[in-house]
Amino acid sequence: MVDVSHASLNYGDLNDARSGRVPVGAVLGSDAAGVVVQAAADGTGPAVGARVVALTSGAFAERVAVDVGALAEVPKVLDLAKAVALPVAGVAALRSLRAAGLEADKRVLVTGASGGVGKFAVQLAARAGAHVIASVGSTARGEGLADFGADEVLIGLDGLEQPVDVVIDSVGGPQLVAAWSLLAPGGSVQSVGWTSGEPAVFPPYATVGPTKSLMSFVIEGHVGPDLAVLTELAAEGALTVEIGWQGSWDHFAEAAEALRGRRVSGKAVLKMSRSERHAPTLPPQG
Ligand SMILES: NC(=O)c1ccc[n+]([C@@H]2O[C@H](COP(=O)([O-])OP(=O)(O)OC[C@H]3O[C@@H](n4cnc5c(N)ncnc54)[C@H](OP(=O)(O)O)[C@@H]3O)[C@@H](O)[C@H]2O)c1
């Protein structure tokens, strides 16, 4: 049982809120960090008082019961506010790059590179020795990505002509179709998300030719070991956690509007304020 001090807001949390799949009154949220207040009954997992981060349903809560396989202890030097940004976005970046069979010198295109998944994917791919091409929506949204290891920062896919070996795509729609056409034989597109909300229409014969793959992606199974890798990298300073919006849970609507409005660079982090907890208000759909 974890006493939650911080949660992070993911694009997927907002999708869940409006999906109709989640029953009214259910506790949303996926990323939680805090302190263990009750250890697992079978003796596994961290002890009472341990600082932990978890990928769990119901993260937007005062306390959440977490499977011990879904959490990692947070190194002393890492703030919980930073650790909490890692679960969904960091694990998606790490696992999608792994699924693509990332190797040094591969050309990797990361779309939506200004966002949560994108900023971690750029850094992890660069760390693996890849040539990283970061695609963003505007010049301002591309700021800082070169420092994170991006060799090229593009608006959309403007000017990209050389083939790429891997695409980590969180935008979907026409950009996915364009990225597919740039994919080298043997390469793969990892379809992580679809923030464009637009259909992807492939021209006839676009999928006929030398073997390359479009792979669906979802986070499944125990994430504890990958969370431990990510928290260690962040603690060592080898992975920067950029927090583009940070504030109290009481300002949830402001965080949600900023995320949907493409105004968060990196991650949005909520500090859970114990005294005034109440249900958040979602911004109007749009
Ligand atoms: N499959 C999984 O397990 C998994 C895990 C994590 C995330 N996801 C999905 O991955 C996607 C990204 O998640 P995230 O948490 O990184 O979101 P995020 O932090 O909001 O970042 C998304 C990025 O997408 C771009 N974007 C937003 N709206 C767009 C639009 N209409 N057209 C083109 N680009 C747009 C924005 O970049 P610019 O402003 O620079 O254009 C933004 O920085 C979401 O669809 C999420 O549901 C899936």
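Thresholds, definitions, all that
- Residues numbered from 1 in each chain as written.
- Predicted model: local features only at pLDDT ≥ 70, side-chain atom pairs only at ≥ 80, totals over all residues.
- Buried ≥ 20, exposed ≤ 12 C-beta atoms within 10 Å, placed from the backbone.
- Helix = DSSP H or I, 4+ residues; strand = E, 2+ residues; numbered from the N terminus.
- Pairing = 2+ DSSP bridges.
- Right-handed = clockwise from strand over helix to strand, strands pointing away.
- Near = placed C-beta within 6 Å.
- Nonpolar A, V, L, I, M, F, W, Y, C, P; charged D, E, K, R; others polar.
- Domains from an automatic or database assignment.
- Axes fitted to C-alpha atoms, helices over the stretch in contact; angles between N-to-C directions.
- Parallel < 35°, antiparallel > 145°, perpendicular 65-115°, else oblique.
- Contact = placed C-beta atoms within 7 Å.
- UniProt positions renumbered as here; feature names shortened; annotations may be inferred.
- Core = buried A, V, L, I, M, F, W, Y, C linked by C-beta atoms within 7 Å.
- Expected span 1.5 Å × (residues − 1).

Caption draft 1: View of the pairing of strand β9 (residues 164–169). Where burial is concerned, most of β9 is hidden: six out of the six residues are buried. In this structure, β9 lies alongside strand β10 (residues 183–191), joined through five bridges in parallel fashion. Of the residues in β10, the one forming a bridge with Asp169 is Ser191. A crossover links β9 with its parallel partner β10, the connecting element being helix α5 (residues 173–182), and its sense is right-handed.

Caption draft 2: Structural view of the site of the ligand. In the neighbourhood of the ligand, 28 residues make up the surrounding shell, with Gly112, Gly115, Gly137, Arg141 and Gly193 lying closest. When residues of the shell around the ligand are traced back to their parent elements, those giving at least two are α1 (11–19), α3 (87–99) and α4 (116–127). The residue makeup of the shell around the ligand, split by class, is 13 nonpolar, 13 polar and two charged. In this structure, the shell around the ligand is formed jointly by two domains, domain 1 (2–85 + 241–276) and domain 2 (88–216), each of which donates at least three residues.

Caption draft 3: Geometry of the packing of α3 against helix α6 (residues 224–236). Direction vectors running N to C along α3 and α6 enclose 100°, while the axes themselves pass 10 Å from each other. Taken together, the axis directions place α3 and α6 in an arrangement best described as roughly perpendicular. Across from Pro87, Gly90, Val91, Leu94 and Arg95 in α3, the residues of α6 making contact are Asp226, Leu227, Val229 and Leu230. A breakdown of the residues in the contact of α3 with α6 according to their chemical character gives six nonpolar, one polar and two charged.

Caption draft 4: Representation of the UniProt feature "domain: Enoyl reductase (ER)" (unreviewed entry) in the protein within the structure. Taking the numbering used here, the UniProt-annotated feature "domain: Enoyl reductase (ER)" (unreviewed entry) corresponds to residues 1–270. With 26% helix and 25% strand, residues 1–270 has end C-alpha atoms that lie 19 Å from one another.

Caption draft 5: Geometry of the nonpolar core. By size, the foremost hydrophobic cluster in this structure holds 83 residues, and its most contacted members are Val53, Val108, Val110, Ala121, Val122, Ala125 and Ala134. The element that contributes the greatest number of residues to this core is α3, accounting for seven residues. Among the domains, domain 1 (2–85 + 241–276) and domain 2 (88–216) are the pair contributing at least three residues each to this core.

Caption draft 6: A look at the sheet that holds strand β6 (residues 107–110). Ordered by their spatial adjacency, six strands build an open sheet running β8-β7-β6-β9-β10-β11, and the pairing between neighbours is parallel. Unpaired on one side and paired on the other, β8 (152–155) and β11 (213–216) mark the two borders of the sheet. Taken over all neighbouring pairs, the strand axes of this sheet differ in orientation by 20° on average, direction set aside. Two strands pair when backbone bridges link them, and strand β7 (residues 131–136) and β8 are joined in this way by four bridges, in the parallel orientation. Considered in β8, the bridge of Ile133 is made with Glu152. Sheet strands in contact with α5 are β6, β9, β10 and β11, and its direction is about 155° off that of β10.

Caption draft 7: Representation of α4. Over its 12 residues, α4 runs 17 Å from end to end, which matches the ideal 16 Å to within 8%, given 1.5 Å per residue. Burial analysis of α4 places 10 of its 12 residues in the buried class, the great majority of the element. Looking at α4, one finds that the buried residues are Gly116, Val117, Gly118, Lys119, Phe120, Ala121, Val122, Gln123, Leu124 and Ala125. Looking at the buried residues of α4, the elements they touch are α3, β6, β7, β9 and β13 (267–271). The first or second residue beyond α4 is Gly129, which carries a positive phi of 90°.

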